[in-house]
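Descriptive structure summary
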Amino acid sequence: MVTTPTESLDELSKLSTEDLSIDQEHLYNDIEDDSDDVDDNTSSSTPAIIDKSVISSLVASYGSSSATAWLEFDRYRIWQAEPGQIKESSFPPVQGYMQRKHFVFAWGDPLVSSPDALKPTAEAFIAWVKSQNLRPIWCCVDHDFEQILVSSLGWSGVMCIYEEVLHPDHVLELTSDKAKGHTGAGIVKDLKKNLRRAEKAGVVVEEVTGRWSSEDRKEVEEGMLEWRRLKGLKGVQLASTTGQPWIDEEHRRYWVARSSGHIVGVLILTPIHGPHTYLIKNAVSFAHAPRGTSEHLIHTALQHIQADEKRLGFPITVTFGITASDHITLVDDHKVKSGWRVTSLSKLYEHVAKGAGLFKRGEFRGKFDSEREEMYVCYPEDGLGLSGVKNLLAVLKK
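Being a predicted model, the structure only gives us computed values, none of them experimental.

Topic: the overall build of the chain
Across its full length, the chain carries 12 helices and 11 strands. The proportion of buried residues among the 398 residues of the chain is 54%. As presented, the chain carries roughly 18500 Å² of accessible surface, and 50% of it is formed by carbon and sulfur atoms.

Listed below in structure tokens is the structure:
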């Protein structure tokens, strides 16, 4: 495989706003498959075939919200350290990634049993990537791992994404009748309005705790297909997952919304970080669902989780996962200042995010008064470059 010369985002400083708009179109469309892309979903460093069921269990116990995307094995590849290579972890660490051309996009923090294993795991993964004549980029990492990459390994980074976190007790308190007129209640005014709309329309939400009937399964599949089709009509869609409802059923929890005897929406939660956190993997209202169906699904699930908290005796958080920030912030590092042009990069980011409707996701999630935890994209000193941006958009395009 031949690597191309390093490209700097200094190129972007030469582009006008009009040029950026045109370039955005090229970024979306210039993503034909290349013959030099690797087709298998496991790395050549893995000594044996990786057991997919083991990966799903590790994600549930040790993974971040981003790591749940790895279970789409047709889209993500899995690297695993050699047995005994990382002594700080009780199991060989795992990292999911996507590849395009000479770029490897690691997605989320690696799975390790101890934080002490993060640095040696990062070093091992980076060494493997470079041994394949590839260029690593690490996406959707938290602050602690970003510090390892930037402060310890000499990488640079940008903050342009958030993790949106909910606390069931807080949301349920704000939506209760007692919250009327209290501080913060106005934030969820639209949420409460939509909850009332769904209830007046007769939408009933229930958790599916047993086996799915063939009829219900078919309704969910058809509803999800139509939902994806309608989203596609609105323009380019960028996402780390494709919304497959039956991946990792063993670990996931499902709620369905019914109206007039038919399923009109589905909510899928998946555990991460052990029993203390759930990720809202999908919260989907189907094409003809009454308004407020998605809010009703999430609100009902939070009520169930609040009951679980009382029964289990420990708090449970819920996360929407990654949301695009409305701005981009460069990590305070001298390499960043010399290698990136802030204005041009910000313009490109704004065009891409608006064009793909990324900000709208944050608007919906804001109804629940979620907390925002900063997340990062990190890259080595040879940079991400315009080529890296184009290839990242390519692997995210649905």
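Some thoughts on the nonpolar core
The biggest cluster of nonpolar side chains holds 29 residues, and the ones touching the most others in it are Ile55, Trp70, Trp107 and Leu111. Elements that contribute at least two residues to this core include exactly helix 2 (52–62), strand 2 (94–100), strand 3 (103–107), strand 4 (135–141), strand 5 (156–166) and strand 11 (371–379).

A word on helix 3 (residues 118–131)
Over its 14 residues, helix 3 runs 20 Å from end to end, which matches the ideal 20 Å to within 8%, given 1.5 Å per residue. Those residues of helix 3 that sit buried are Leu118, Pro120, Thr121, Ala122, Ala124, Phe125, Ile126, Trp128 and Val129. Tucked into the core, helix 3 has its buried residues touching strand 1 (77–80), strand 2, strand 3, strand 4 and helix 4 (143–152).

A closer look at the pairing of strand 2
Of all the 7 residues making up strand 2, 7 are buried; the element is thus mostly covered by neighbouring parts of the structure. Of the two faces of strand 2, the one holding Val94, Gly96, Met98 and Arg100 and the one holding Gln95, Tyr97 and Gln99 are both buried throughout. In this sheet, strand 3 lies alongside strand 2 in antiparallel orientation, the contact comprising 4 bridges. Across the sheet, Met98 pairs through a bridge with Phe105, a residue of strand 3. Here strand 2 folds back onto strand 3 in antiparallel fashion, the turn holding 2 residues, of which Lys101 has a positive phi close to 50 degrees.

Some details on a positive patch on the surface
A cluster of basic residues, Lys189, Lys193, Arg196, Arg197, Lys200 and Arg291, forms a positive patch on the protein surface. As for its placement among the helices and strands, Arg291 is situated in the loop between strand 9 (277–285) and helix 8 (293–312). Classification of Arg291 as exposed rests on a relative accessible area of 56%.

Examining the packing of aromatic side chains
Applying the stated criterion to the full structure yields 15 aromatic pairs. Arranged with centres 5.1 Å apart and planes meeting at 55 degrees, the rings of Phe125 and Trp138 form a pair that is tilted. Within this pair, whereas Phe125 is found in helix 3, its partner Trp138 is found in strand 4, the two being separated by 13 residues in sequence. By relative accessible area, Phe125 is classed as buried at 1%. Residue Trp138 is classed as buried on the basis of its relative accessible area of 0%. With 4.9 Å between their ring centres and 75 degrees between their planes, Trp138 and Phe145 make a pair best called edge-to-face. Put simply, the rings of Trp79, Tyr97, Phe125, Trp128, Trp138, Phe145 and Trp155 touch in pairs and so form one group of aromatic residues. Geometry around Trp246 places Arg217 over its ring, the cationic atom sitting 4.3 Å from the centre.

Examining the sheet that holds strand 11
Spatially, 11 strands are ordered 1-2-3-4-11-5-10-9-8-7-6 in an open sheet, and the strand pairing comes out mixed. The open sheet terminates on both sides in strands that have one partner only, identified here as strand 1 and strand 6 (204–208). In this sheet, adjacent strand axes meet at a mean angle of 30 degrees when their direction is disregarded. As paired elements, strand 5 and strand 10 (residues 317–330) share 8 bridges and run antiparallel to each other. From the neighbouring strand, Ile161 faces strand 10, where its bridge partner is Ala324.

Observations regarding the side chain of Arg253
With respect to the helices, strands and loops of the structure, Arg253 is situated in strand 7 (residues 253–259). A polar contact of 3.2 Å, which involves the side chain of Arg253, links it to the side chain of Tyr278. Engagement of the side chain of Arg253 in a polar contact is seen with the side chain of Asp308, the distance being 2.9 Å. Look past the residues within four positions of Arg253 in its chain and what remains in contact with it is Glu207, Leu267, Ile268, Leu269, Tyr278, His304 and Asp308.

Here we look at the confidence of the model for the chain
For the chain, the average pLDDT comes to 80, and 72% of its residues sit at 70 or higher. Segment residues 1–48 is flagged for pLDDT under 50; beyond a separation of four residues in sequence, or across chains, it makes 104 contacts in the model. Contacts of residues 334–340 to residues separated by more than four positions or lying in other chains number 21 contacts, the stretch itself having pLDDT below 50.

Considerations on the side chain of Thr270
Among the secondary structure elements, Thr270 is positioned in strand 8 (residues 262–272). With a relative accessible area of 3%, Thr270 lands in the buried category. Beyond its immediate stretch of four places on either side in the chain, Thr270 contacts Thr68, Asp248, Arg252, Thr277, Tyr278, Leu279 and Lys281.

Describing the state of the cysteines
In this structure the tally under the stated criterion is 0 disulfides. The structure places no disulfide on Cys378, whose sulfur is separated from the nearest cysteine sulfur, that of Cys139, by 9.0 Å. Cys378 sits in the buried class, given a relative accessible area of 0%.

Here is what the cut-offs are and how they apply
- Position labels on residues start from 1 in each chain and follow its written sequence.
- Two thresholds apply to this predicted model, a pLDDT of at least 70 for residue-level local features and 80 or more for giving and counting side-chain atom pairs, whereas whole-chain, interface and lining totals are computed over all residues.
- Derived side-chain values reflect all non-hydrogen atoms in the structure, with water molecules and hydrogen atoms excluded from consideration.
- The helix count covers DSSP runs of H or I at least four residues long, the strand count covers runs of E at least two residues long, and both are numbered beginning at the N terminus.
- Accessibility here uses a 1.4 Å probe with only protein chains present; expressed as a share of the type maximum, an area under 20% marks a residue as buried, one over 50% as exposed, and anything in between as partly exposed.
- Only the protein chains shown count as cover for residues, with accessible areas throughout obtained via the Shrake-Rupley method and a probe of 1.4 Å.
- By convention a nonpolar core is built from buried Ala, Val, Leu, Ile, Met, Phe, Trp, Tyr and Cys residues, the set being connected through side-chain atoms within 4.5 Å.
- Expected helix span is given by 1.5 Å per residue-to-residue step, counting one fewer step than there are residues.
- Should any heavy atoms of two residues lie within 4.5 Å, those residues are considered in contact.
- Pairing between strands is defined by DSSP: at least two bridges between the two strands are required.
- Only residues whose relative accessible area exceeds 30% and that take part in no salt bridge are eligible for patches, with like-charged residues grouped when within 9 Å of each other and nonpolar side chains (Val, Leu, Ile, Met, Phe, Trp, Tyr) grouped when within 5 Å.
- Salt bridges are defined by distance alone: a side-chain nitrogen of Lys or Arg within 4 Å of a carboxyl oxygen of Asp or Glu.
- Charge convention: Lys and Arg are scored as positive, Asp and Glu as negative, and His as well as the terminal groups of each chain are ignored.
- Where a charge lies is defined by one atom per residue type, namely NZ (Lys), CZ (Arg), CG (Asp) and CD (Glu).
- Only rings of Phe, Tyr and Trp enter the pairing, Trp through its six-membered ring, and a pair is recorded when the two centres are within 6.5 Å. The plane angle decides the type: under 30 degrees is stacked, over 60 is edge-to-face, the rest tilted.
- Working rule: Lys NZ or Arg CZ, within 6 Å of ring centre, within 35 degrees of ring normal, means a charge sits over the ring.
- Fitted lines through C-alpha atoms give the axes, limited to the stretch in contact for helices. The angle between two N-to-C directions lies from 0 to 180 degrees.
- Polar contact is defined as a pair of N or O atoms within 3.5 Å, subject to the rule that within protein one atom must be able to donate a hydrogen and the other to accept it, and that residues adjacent in sequence are counted only when both atoms are side-chain atoms.
- Residue-level confidence of the predictor is what pLDDT reports, using numbers from 0 through 100.
- In what follows, a disulfide is any cysteine sulfur pair within 2.5 Å.

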